[in-house]
Structures are given as structure tokens and as C-alpha cells.
Amino acid sequence: MSWDAKNASALEVITMRASGILLPVSSLPSKYGIGGFTKEAYDWIDFLEKCGQTLWQILPMGHTSFGDSPYQPFSTIAGNPYFVSLEELIDEGLLTQEECDGADLGSNPSYVDYGKQFANRIPLLRRAYERDKDRDQSGFEAFVEREADWLPDYALFMAVKDLHDKKAWYDWEQPYKTRDPETLEQARQDLADDISFHSHVQYWFSIQWDRLKAYSDAHGVRIVGDMPIYVALDSADVWTNPQLFQLDEELNPTEVAGVPPDFFSEDGQLWGNPLYDWDHHKQTGYAWWIERVRHAKVQYDVIRFDHFRGLDEYYAVPYGEKTAKNGTWKPGPGIDLIHALRESLPEVEWIAEDLGVISDSVEELLHESGFPGMKVLQFAFDSGSGNYFLPHNYGTTNCVVYTGTHDNDTLYQFVTSANSEIRWNVQNYLNRFCDTDEQLCDNLIRIGMMSVAKYCIIPLQDYLHLGEEARMNSPATMGGNWAWRFTRDQITHSVGKFIQNVTGVYGRFPEK
């Protein structure tokens, strides 16, 4: 029996049909080189409401590190400093218009230049901090007290990282690497100002996101957040709590995370994240996980559990391997972790990212959890009428349909590169034969919208008919990812009318 069936009185499963758009915060337009908590974010929520969209799915908002991936942050909780609105800091008198306009934060409105963001935005935030620290600190002090379970460790981690020229913690001097108590206490004194700076940035992130989230709530748009299953090796989480991970006596990983060779890569994907010591987590009642989700539920209305299959089995690659070919599957925590989260946080709504090679045991775990899984239409048309991703095979409303994810081709890219058999299958499925690739994209969106899935979420690129230039991420590649942004002129009247119409035709418009 599934969790939902056993606990229907504890958590009412939402069955109302709804739809939304997948768009990372970084992909919003803005004046200063990257999307953030600016006026454009509020305009975006207005657009979603006008088009009848009640879900805005974003990517993780963590403090990104080398490679700029939101799935490799310096902390599972800390927010990305790049998202802090410089305009708001100007309004508060902490920065001037001239200072912000004079900083080179990237000039291409369609892409993020992360190198320039790193080099020039952080000094602006530092300047704002220098002006802010002599003002009334009551709000900041309340924030520090409220976030005491993670903020001091994160801020100390970042300050010590600055001291070591941004090197990873496992390359620091030994007393810092091993968290010698006397060394860290001295660091807290010597680096007090740096620690305060990193804490202030998180305070700004928090109050700006809370304000945007309140606006989203007021306009009927729910935020779908993305929770990576793993943490980065170079993170405050691993440095602060090495006992939670599979590390040796020298604090090196014994094995690291990845996935075996698949559709995306013949060498597999070597993610490099440290793996959890699941026995230790179980002994603590999964306390670290519960606190992590407790923070996430404050930021989001729905949490997408990335790499759900890793709870059933996880792929372990020996540390030092150059590819993921030589890994092995090992048992994960299974339903035990899900029960712990459900019991402590029963109000959390989940989506399970159950993609990849899915075994019978993963399907059983998904059913028992009650989490809705994901259906991706780009995977639906290459293997006949029995394909798992075709809407007539869903068998339940408790699922979420996508045309594609941030790891896939854009829909236009998929359509234009598809072979003739797939193109025929798509058109034959709806008995709609298309004159243009744009029409074929729109019909795939219609297939998702008309499905029984309770939620239909479409990447914005797919509504805009954008190609390879707008792909968000190419798995197993380094560089050039996570950079795409849309521009204001791309959101035309006809785009809005199509979204509004297809949402209404298939019964996903919110009731008012």
C-alpha cells in the first residue's frame, strides 16, 4: 500500500489540474548580467498569473562554485549572492547607480558571464556591506540568531576559503582542513569582519527572496524548488560534518557519485560528489536531512527530489577514476528516509525526479512514497505504443509531465534533430500534421497539457521555439552551461496568448 493510501487523512493529495513554467532565476532578464530578485522577477510572476500558470519551477538557488552548476553549491542552504538585487541595495543607499553601472557584469543580455559576476559583483556587495555594518543591525542580528544551525559554519567556511585564495577546503593548511578547535576559534576572531560580510549577504538574499515569495503567494503562483540529492565535496556541509559522508582518515572520499553510461554519455556521468554514510544518517534519525528539508520548505511550496532513484540504489565510483564506467550500484536508505521526512514534515509536497534507468524496486519505492514521478515527452516517441512516457500509459494523475528538463535538448532542438520515424510518431499520435517545426513543438506541448498528469510544466525555451543556443545544460560537459537568459522582447503577445489558450483548453487554468 502506498504512503498516500495509508495516510490520506494526514495529507490531502492535490489533484487539481495545474500547469507551470520551468525557468531558473538566473535566466530572468536584468540590467546587471544575471537574473535575480529584481523588478523583472516580479514582472515574471505577473506574466505567469496572466497566462494562468500556477507553478514556477526553478533550479537550485545555492551559492554556486567552480563550474557554476547549481547542483554543486558551497552549501545546501546558503543562497547565491549573484541573485541579490543590486537595485534594492541602491534604493537602500548601500550602493550608488554609478558604482553598479560602472561594474563590468557582462554585456550580453542572453547569457550570464559567470567570470565577470565573480570578479565584479562580489566587490560591490562588499562595498554595500561596509556601508551597512554601521547602521541598525537588529534585523540582521535576528536573522543570525534564527539561522544559527547553519549560518555560522557557512560564513566561517567562506571566510577561511578567502584566506586560502579560494582553494577547496581539502587543500587548506592542516589545522583548518581538520577543523582544529583552537585554530577555528582564533579564525572566528581574526576573520570576524569577513564572517560578518558573508552573513550579511545571506541576510540580503533571505529578505529579498522572502519578499518575492510573498508576492508570488499573493498572485497564486507556487514555487517548485529543486533539491539536489548530493552535496558538493568542496562545501560547508562536508567540511563541517565529515562524519555524514564516506570519507577516509585523510578526509578523502572513498567513492564518489555518478551514473553509469546512458543516453546522455557513453562514459557515464562522473559527478564527483561525496556519498553519504547512510548507516550514520539512520542512527541519527536522519536529523541532517530533516533540517535540510525544513529550510527548503520555507523557500518553496513544492520540492523536487533530484535523482530519486539514489534513495533506492546509488551508483558508487572509486575515487580517482576518470570516468563513471567502473562504478557499482549499492543500496540506499529506501523508504526509511522518506518515512522520517514524512513523519517530521508531513505538510511538504514532493515531486520525484525518477528519470534514468529505472528498476522495479525504484518503481515500488516511488509508489510506496506517494510522490508523483516525472514523465518526459522527449522520451516518448521512439519505441512504440507501449512507451512508458506516452500519456495513454500514465495510469495515474499522480505524476508531472514535462516536454523536457534542464538536462535535455530544447523542444525545438529535439524536433529539428529528430529522425523521420520520431517526427511521424509525434504527428500520428495526435493526428495533427504540421507544416513547420514550430507547429510540431506546439503540438507536443498540447500532448502534455491534455494528459491526465496533475501538473504540466514546460520549459520557457519550448514556448519560445528556441534551439541549441538556449539549452540550459549538457550533462557530462564542462563550460557553457547554466548561462542562458531570455530577453524581454521574446515574450510576445502571441506567446502569452498561446500559453493562456492551451492552459484553458485542457482545464489547467486556476479556478477563481
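What comes next concerns the included structure. Small disclaimer: the values here were computed from a predicted structure and weren't measured. (Residues numbered from 1 in each chain as written. Predicted model: local features only at pLDDT ≥ 70, side-chain atom pairs only at ≥ 80, totals over all residues. Heavy atoms only, no water.)

1. Overview of unusual backbone geometry
A positive phi is found at Leu251, a non-glycine position, where the angle reads about 65 degrees. On the basis of relative accessibility, which here comes to 16%, the residue Leu251 falls in the buried class. For His465, which is not a glycine, the phi torsion comes out positive at approximately 60 degrees. The class for His465 is partly exposed, based on a relative accessible area of 23%. (Buried < 20%, exposed > 50% of the residue type's maximum accessible area, 1.4 Å probe, protein only.)

2. Digging into helix α18 (residues 420–430)
Within the span of α18, buried status applies to Ile422, Val426, Gln427 and Leu430. When α18 is viewed along its axis, its buried side chains cluster within an angular range of 130 degrees and face the same direction. Turned more than 90 degrees from where α18 packs its buried face, Ser420 and Glu421 sit exposed. For α18, the elements touching its buried residues are α17 (411–417) and α19 (437–450). Trailing α18 by a residue or two, Asn431 shows a phi angle of about 55 degrees, which is positive. (Helix = DSSP H or I, 4+ residues; strand = E, 2+ residues; numbered from the N terminus. Arc of directions from axis to C-beta. Contact = heavy atoms within 4.5 Å.)

3. Topic: helix α16 (residues 360–369)
Residue pairs spaced three or four apart in an α-helix point in one direction, given the helix's 3.6 residues per turn. Among all positions of α16, only Val362, Leu365, Leu366 and Ser369 are buried. An end-on view of α16 places all buried positions within 100 degrees of arc, on one side of the element. Facing away from the buried side of α16, by more than 90 degrees, are the exposed residues Asp360, Glu364 and His367.

4. Quick look at the pairing of strand β12 (residues 455–459)
For β12, the buried fraction is high: five of the five residues fall into the buried class. Side chains of β12 alternate between two faces, with Tyr455, Ile457 and Pro459 and Cys456 and Ile458 buried alike. Bridge count for strand β1 (residues 18–22) against β12 is five bridges, and the pairing is parallel. By the bridge assignment, Leu22 is partnered in β12 with Pro459. Examined bridge by bridge, strand β11 (residues 399–402) and β12 share three bridges and lie parallel to one another. Directly across from Val400, in β12, lies its bridge partner Tyr455. (Pairing = 2+ DSSP bridges.)

5. As for the state of the cysteines
Inspection of every chain in the model, using the stated rule, returns zero disulfides. Cysteine Cys434 remains unbridged, with the sulfur of Cys441 as its closest cysteine sulfur at 9.1 Å. Residue classification places Cys434 among the buried positions, given a relative accessible area of 18%. (Disulfide = S-S within 2.5 Å.)

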